[in-house]
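Chain and residue survey
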Amino acid sequence: DELRRALDRGEFVLHYQPIADVQSGRIASAEALIRWEHPERGLIPPLEFIPFAEETGLILPIGEWVLRAVCAQGRRWQDAGLPIDRIAANISVLQFLQADFVDTVRRILTETGLEPGRLELEVTESVAMEDVKLSSKVLGALDAMGVRITIDDFGTGHSSLAYLKNFPIRTLKIDRSFVRELTTNP
């Protein structure tokens with residue numbers, strides 16, 4: 001009930017994590033991270049409410065709100081002349097599996113005026129591997145639109161690198177468990 005009211009009351013906020021180009025040092029893109037500004041409990045991180053949102057199906061309207069807010073913010077940055085090439089949003093498995101997901105993305109891009117090449121959608125390895133045939137179709141349609149695809153948390157599931165050739169991905173984000181001790185563990 002609180003999650004439903006939070007959506008109605010506009011209690012969700014997005015924080016943007018900058019992603020720098022190592023060679024130039026400039027901020028090249030940003031990833032949207034959702035938080036819940038609860039009126040009594042303060043700022044709540046996604047790990048505390050996203051599982052409930054997924055269980056109840058509220059992740060669908062929340063996810064659509066995120067996608068619309070991200071695209072609108074990307075357009076504002078574009079209009080302001082900021083040199084941020086892309087803006088990224090995470091997509092839940094329930095969103096990704098919706099029959100009209102590609103149409104929803106297309107509609108939101110049109111409504112906000114964001115160029116498709118400036119949007120990056122992050123799907124986790126587990127989402128992509130849920131149904132490889134469907135994933136290939138959806139990711140292919142998004143890629144054909146110009147939307148960039150990133151596989152997030154790669155290495156946490158049971159997929160093989162061989163599966164990656166089936167998807168039109170531009171970025172592969174290796175799970176932190178593989179890189180956490182990169183400089184200290186031989």
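Below: a short report on this structure. Because the structure is predicted, anything quoted here is derived from the model rather than measured.

**Overview of helix H7 (residues 132-145)**
- End to end, H7 covers 20 Å across 14 residues, agreeing with the expected 20 Å (1.5 Å per residue, within 8%).
- Within H7 the residues assigned to the buried category are Ser135, Val138, Leu139, Leu142 and Met145. Projected down its long axis, H7 shows its buried positions confined to an angular sector of 115 degrees, all on one face. Counted as exposed and oriented over 90 degrees from the buried face of H7: Lys133, Lys137 and Ala144.
- Following H7 by one or two positions, Gly146 adopts a phi angle in the positive range, close to 110 degrees.

**Observations concerning the pattern of salt bridges**
- Considering all chains together, one arrives at 11 salt bridges under this definition.
- Salt bridges linked by common partners bring Glu64, Arg68, Arg107 and Glu111 together as one network.

**Describing the nonpolar core**
- Judged by nonpolar contacts, the single largest core of 42 residues is most densely connected at Val105, Leu119, Leu121, Leu142 and Val147.
- Considering each element in turn, this core owes the most residues, seven residues, to helix H3 (residues 59-79).
- Those residues within four positions of Val105 in sequence are excluded, and the remaining contacts are Leu67, Leu119, Leu121, Leu142, Met145 and Val147.

**A short note on the side chain of His38**
- Within the fold, His38 resides in strand E2 (residues 27-38).
- In terms of polar contacts, His38 uses its side chain to reach the side chain of Glu2, at 2.5 Å.
- Discounting residues that sit within four places of it in the chain, His38 has contacts with Glu2, Glu11 and Ile44.

**A word on the environment of Thr124**
- Locating Thr124 in the fold gives a position in strand E5 (residues 119-124).
- Residue classification places Thr124 among the partly exposed residues on the basis of a relative accessible area of 24%.
- For the pair formed by Thr124 and Val93, sequence separation is 31 residues and the distance between their alpha carbons is 8.4 Å.

**Observations concerning the packing of helix H5 (residues 101-112) against H7**
- Remark: H5 packs on H7, axes separated minimally by 10 Å, with the N-to-C direction vectors making an angle of 20 degrees. Between H5 and H7, the angle falls in the class roughly parallel. By crossing handedness, the relation of H5 to H7 is classed as right-handed. Residues Phe101, Val102, Val105, Arg106 and Leu109 of H5 pack against Val138, Ala141, Leu142 and Met145 of H7.
- Of the residues contributing to the contact of H5 with H7, the split by class is eight nonpolar, no polar and one charged.

**Digging into the packing of aromatic side chains**
- One pass over the structure, following the stated rule, counts six aromatic pairs.
- Where Tyr16 meets Trp77, the ring centres are 5.1 Å apart and the plane angle is 70 degrees; that geometry is what we call edge-to-face. Linking Tyr16 in strand E1 (residues 12-20) with Trp77 in helix H3, this pair joins segments that are 61 residues apart in sequence.
- Look at Trp77 and you get buried, because its relative accessible area is 17%.
- Seen from their ring centres, Phe96 and Phe101 are 6.1 Å apart, and the 55 degrees between their planes marks the pair as tilted. Phe101 carries the same exposure label as Phe96, and that label is buried.

The rules behind each value
- Residues numbered from 1 in each chain as written.
- Predicted model: local features only at pLDDT ≥ 70, side-chain atom pairs only at ≥ 80, totals over all residues.
- Heavy atoms only, no water.
- Helix = DSSP H or I, 4+ residues; strand = E, 2+ residues; numbered from the N terminus.
- Expected span 1.5 Å × (residues − 1).
- Buried < 20%, exposed > 50% of the residue type's maximum accessible area, 1.4 Å probe, protein only.
- Arc of directions from axis to C-beta.
- Salt bridge = Lys/Arg side-chain N within 4 Å of Asp/Glu carboxyl O.
- Core = buried A, V, L, I, M, F, W, Y, C linked by side-chain atoms within 4.5 Å.
- Contact = heavy atoms within 4.5 Å.
- Polar contact = N/O pair within 3.5 Å; in protein donor to acceptor, adjacent residues only side chain to side chain.
- Axes fitted to C-alpha atoms, helices over the stretch in contact; angles between N-to-C directions.
- Parallel < 35°, antiparallel > 145°, perpendicular 65-115°, else oblique.
- Left-handed = near helix turned anticlockwise from the far one by under 90°.
- Nonpolar A, V, L, I, M, F, W, Y, C, P; charged D, E, K, R; others polar.
- Phe/Tyr/Trp six-rings, centres within 6.5 Å; stacked < 30°, edge-to-face > 60°.

What is shown is where atoms sit, not what they do.
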